[in-house]
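As a plain string of letters, each chain reads:
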Amino acid sequence: MIADASGVAGLNLLGAPPIPSRDLCAAAQAVHAVADPSGARAFLSEYGAREGDTLCFAGLAGGYSILNVSVHGDEVSLLTGTIPADGHQSGRALLEGFAAERGWIGARIFGGHRAIPLGRPRDTLARGRVVALGDAARQVFSAHGSGIGPGMVAARTLADALADGGRVEDYAVGWMRRHGGLFAAYDVFRRFSQSLSPMQLTRLMRSGLMDAEATAAGMRQRLPTASVGRLVGMPAALRRAGGVSGPLAAAGARMAGLLALYARYPRAASSRARWSAAVTALHGGAG
Ligand SMILES: Cc1cc2nc3c(=O)[nH]c(=O)nc-3n(C[C@H](O)[C@H](O)[C@H](O)COP(=O)(O)OP(=O)(O)OC[C@H]3O[C@@H](n4cnc5c(N)ncnc54)[C@H](O)[C@@H]3O)c2cc1C
């Protein structure tokens, strides 16, 4: 067996089609020295934050963009991500500009930047003796561009399938049925958020639709629960969200449909084209 875990710009042994540029997040991360501790304290207090907190600025460069700032002692950690194909600056440019404009941020200690593949997972995770894992399989929780945990879960799924005497197909079917729907569904939300203006993003956050429970579920890479309290408050929250509520409700319906489709990911390769077409129709992007 050959496992392709060579990342987004790797070997592509399963011959997957190129990733559309609107599905590539340009991410950057860096740790800088704190050159002026009193300046750092003033910055944090401006936002009611303390040392060790992570300040997350969303929507600075498009609906799908963040800049995280976290001060720890004499170091400050910066993390950014944007979609340049939508006409925005790269995560690296956002990070470097932010650091350059603040005198309290000193020299860079270390850091790096590269693309994170978003979109739904690849429809084909195994063929013959070859499997794809991690970024190479687009097993990234695209709502926040996290691929470390998903790649490890995929590796464990593969190891367990083989240890149980299964074939590589068992890994593909097992992962897709168990996790694929969640990833594809949240990618619908990612595509929705990518289209939002800062004003719309603010309105969505203030409406209560993106409450603490929904946000925490997204951070944990899980679906939010539909408790009675949340359902009761939903109509008022939808009204507060104004024009964003229609597209959000439509996205929610597509997410539910995708969860159902991935739960029936076909074992037989001959049935995949029909399944892929149905998923593409609901999701809007290729796998
Ligand atoms: C700035 C930034 C911040 C991020 N933050 C987070 C985060 O907080 N949480 C999170 O979950 N994810 C985060 N991610 C995403 C995460 O880094 C990736 O999803 C994850 O690293 C993917 O792991 P992987 O092993 O599939 O691919 P990679 O990490 O890309 O590893 C693939 C490896 O294969 C090697 N390789 C390629 N071709 C060959 C070849 N021909 N032969 C041998 N080796 C080869 C590459 O050199 C590389 O070492 C971040 C990404 C970036 C860019």
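Quick note: structure is the one above.
Computed from a predicted structure; not experimentally measured.

Q: Is there a simple way to think about the pairing of strand β2 (residues 24–34) in this case?
A: Consecutive side chains along a regular strand alternate between the two faces of the sheet. Among the eleven residues in β2, eight count as buried, and that is most of the element. The pairing of β2 with strand β6 (residues 105–117) spans ten bridges and is classified as antiparallel. Along β6, the bridge assignment pairs Val-34 with Ile-105. As judged from the eight bridges shared by β2 and strand β5 (residues 75–82), these two strands associate in the antiparallel manner. Across the sheet, residue Val-31 finds its bridge partner in β5, namely Ser-77.

Q: Which parts of the structure should I look at to understand helix α1 (residues 37–46)?
A: Every α-helical turn comprises 3.6 residues, leaving residues that sit three or four positions apart pointing alike. The complete set of buried residues in α1 reads Gly-39, Ala-40, Phe-43 and Leu-44. For α1, the angular spread of buried residues about the axis comes to 135 degrees, placing them on one side. When the buried face of α1 is taken as reference, the exposed residues oriented beyond 90 degrees from it are Arg-41, Ser-45 and Glu-46. Buried residues along α1 sit in contact with β2, β3 (54–58), β4 (66–72) and α2 (91–100). Looking one or two places after α1, you find Gly-48, whose phi comes out positive at around 65 degrees.

What counts as what
Residues numbered from 1 in each chain as written. Predicted model: local features only at pLDDT ≥ 70, side-chain atom pairs only at ≥ 80, totals over all residues. Heavy atoms only, no water. Buried < 20%, exposed > 50% of the residue type's maximum accessible area, 1.4 Å probe, protein only. Helix = DSSP H or I, 4+ residues; strand = E, 2+ residues; numbered from the N terminus. Pairing = 2+ DSSP bridges. Arc of directions from axis to C-beta. Contact = heavy atoms within 4.5 Å.

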